[in-house]
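Architecture and fold: a report
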Amino acid sequence: MQIQVNNFIAKRDNSFSLQFNFATATTDFLTGKMNYYTDINYTEIPKHQAYREDMYLLKDTYYWFNKMYDDAKKDGITLKIVSASRTFDEQKNLWEDKWKKNRSKFKTELETAKHIMQYNSMPGISRHHWGTEIDINSINDSYFKTEVGKKTYNWLTANAAKYGFCQTYDDIINRTGGYKEEKWHWSFYPISNTLLNLYNQKVNYTHIKGFSGAGSADEIDVIKNYVLAINNECAE
Ligand SMILES: [Zn+2]
């Protein structure tokens with residue numbers, strides 16, 4: 001599949017010239033045990049493109065997001081990043097917060113974990129650990145029902161692939177399961193599709209531990225049923 005990008009032809013997956021060195025994608029990196037402040041692969045997202053300071057992406061992801069941002073702007077669309085890279089500890093904080101709010105509503109840890117995982121990932125299995133994932137404009141479905149939300153989403157579905165982005169969690173009827181649809185979550189697939197393969201080879205349930213309900217990870221088979229349950233277009 002060939003995609004026209006401005007004045008050159010970018011072939012999906014292998015014509016994005018990347019500076020990321022996949023040899024650095026260790027099990028620690030893949031499970032969020034990295035430090036984007038000190039890791040030279042990362043860059044901070046400038047203030048005008050993000051909802052807060054202190055958000056980081058892999059340099060390649062940012063390079064292509066920035067191109068997409070500029071072209072969207074020309075079409076009257078504003079793309080602003082709500083969330084980007086998250087470490088294991090940051091994902092753990094989000095998870096523990098949800099755990100406290102939900103644990104008493106369910107009989108078992110397994111049911112609690114499954115409930116939270118409709119939208120939220122356990123630490124260690126989030127693609128936000130990889131520096132390739134961005135949440136755009138809002139993480140609420142209601143935004144994508146507004147006029148501006150619909151316009152933004154339509155622009156992304158028509159154009160994002162030219163810049164290497166795909167909607168990771170598309171309509172669940174197209175997938176084998178996993179998280180509900182997230183119209184805001186986009187992935188830089190020239191890197192994330194390889195990281196997914198590396199994750200599948202290297203990470204196992206001995207690496208997914210150290211948080212409330214971690215014992216359910218194996219039982220739910222979160223790698224098969226969540227990590228691998230993505231839009232086919234992101235995995236090609
Ligand atoms: Zn996301």
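Source: prediction; values computed, not measured.

Quick look at the overall build of the protein chain now. Secondary structure assignment for the protein chain yields nine helices and eight strands. Expected size for 236 residues packed as a compact globule is a radius of gyration near 18 Å; at 17 Å, the protein chain falls within 12% of this value. Dimensions of the protein chain along its principal axes, counting C-alpha atoms only, are 55 × 40 × 35 Å. Classification of the 236 residues of the protein chain by burial places 36% in the buried group. Restricting to contacts in the protein chain with at least 6 residues of sequence separation, those with at least 24 account for 74%.

Here we take up the packing of helix α3 (residues 88-102) against helix α4 (residues 109-116). Contact pair α3 / α4: the axes reach a minimum separation of 10 Å and the direction vectors enclose 120 degrees. Overall, the two elements α3 and α4 adopt an arrangement that is oblique. The handedness of the crossing between α3 and α4 comes out as right-handed. Listed contacts from α4 to K98, W99 and N102 of α3 are T112, H115 and I116. Its residues placed into classes, the contact of α3 with α4 shows two nonpolar, three polar and one charged.

Judged by pairing direction, the sheet is antiparallel, and its four strands sit side by side in the order β5-β6-β8-β7 without closing on themselves. Looking at strand neighbours, the two that pair on one side only are β5 (81-83) and β7 (165-167), the edges of this open sheet. Strand-to-strand twist in this sheet, taken as the mean axis angle between neighbours without regard to direction, amounts to 45 degrees. When strand β6 (residues 133-136) meets strand β8 (residues 185-188), the two strands line up antiparallel, connected through three bridges. Each bridged residue has a counterpart across the sheet, and for D135 the counterpart in β8 is H185.

The next point concerns unusual backbone geometry. Peptide bonds are, in most cases, trans, and in most cases residues other than glycine have a negative phi. Even without being glycine, N137 reaches a positive phi, approximately 70 degrees. Within the fold, N137 resides in the loop between β6 and α5 (147-159). We classify N137 as buried; it has 21 C-beta atoms within 10 Å. Here the phi dihedral of D221 falls at roughly 55 degrees; this positive angle occurs in a residue that is not glycine. By the element assignment, D221 lies in the loop between α7 (216-220) and α8 (222-227). For D221, a count of 12 C-beta atoms within 10 Å corresponds to the exposed category.

What follows is about the confidence of the model for the protein chain. In the predicted model, the protein chain carries a mean pLDDT of 92, and 94% of its residues have values of at least 70. Residue range residues 1-13 is modelled with pLDDT below 50. Its contacts to residues more than four positions away, or to other chains, number 17 contacts.

All right, on to the environment of D141 then. Assignment of secondary structure puts D141 in the loop between β6 and α5. Judged by C-beta crowding, with 14 C-beta atoms within 10 Å, D141 ranks as partly exposed. Along the chain, D141 and D171 lie 30 residues apart, while their C-alpha atoms are 13 Å from each other.

Another point: helix α2 (residues 59-74). Here α2 contains 16 residues, and its C-alpha end-to-end distance of 23 Å stays within 8% of the 22 Å for a straight helix at 1.5 Å per residue. Of all the residues in α2, the buried ones are D60, T61, Y62, W64, F65, M68 and Y69. The inward-facing, buried residues of α2 contact β3 (42-44), β4 (56-58), β6, β7, β8 and α6 (189-202). Taken from the residues just after α2, G76 is the one with a positive phi, measuring 80 degrees.

Procedures and definitions
- Residues numbered from 1 in each chain as written.
- Predicted model: local features only at pLDDT ≥ 70, side-chain atom pairs only at ≥ 80, totals over all residues.
- Helix = DSSP H or I, 4+ residues; strand = E, 2+ residues; numbered from the N terminus.
- Rg over C-alpha atoms; globule rule 2.2 N^0.38 Å.
- Buried ≥ 20, exposed ≤ 12 C-beta atoms within 10 Å, placed from the backbone.
- Contact = placed C-beta atoms within 7 Å.
- Axes fitted to C-alpha atoms, helices over the stretch in contact; angles between N-to-C directions.
- Parallel < 35°, antiparallel > 145°, perpendicular 65-115°, else oblique.
- Left-handed = near helix turned anticlockwise from the far one by under 90°.
- Nonpolar A, V, L, I, M, F, W, Y, C, P; charged D, E, K, R; others polar.
- Pairing = 2+ DSSP bridges.
- pLDDT = per-residue confidence, 0-100.
- Expected span 1.5 Å × (residues − 1).

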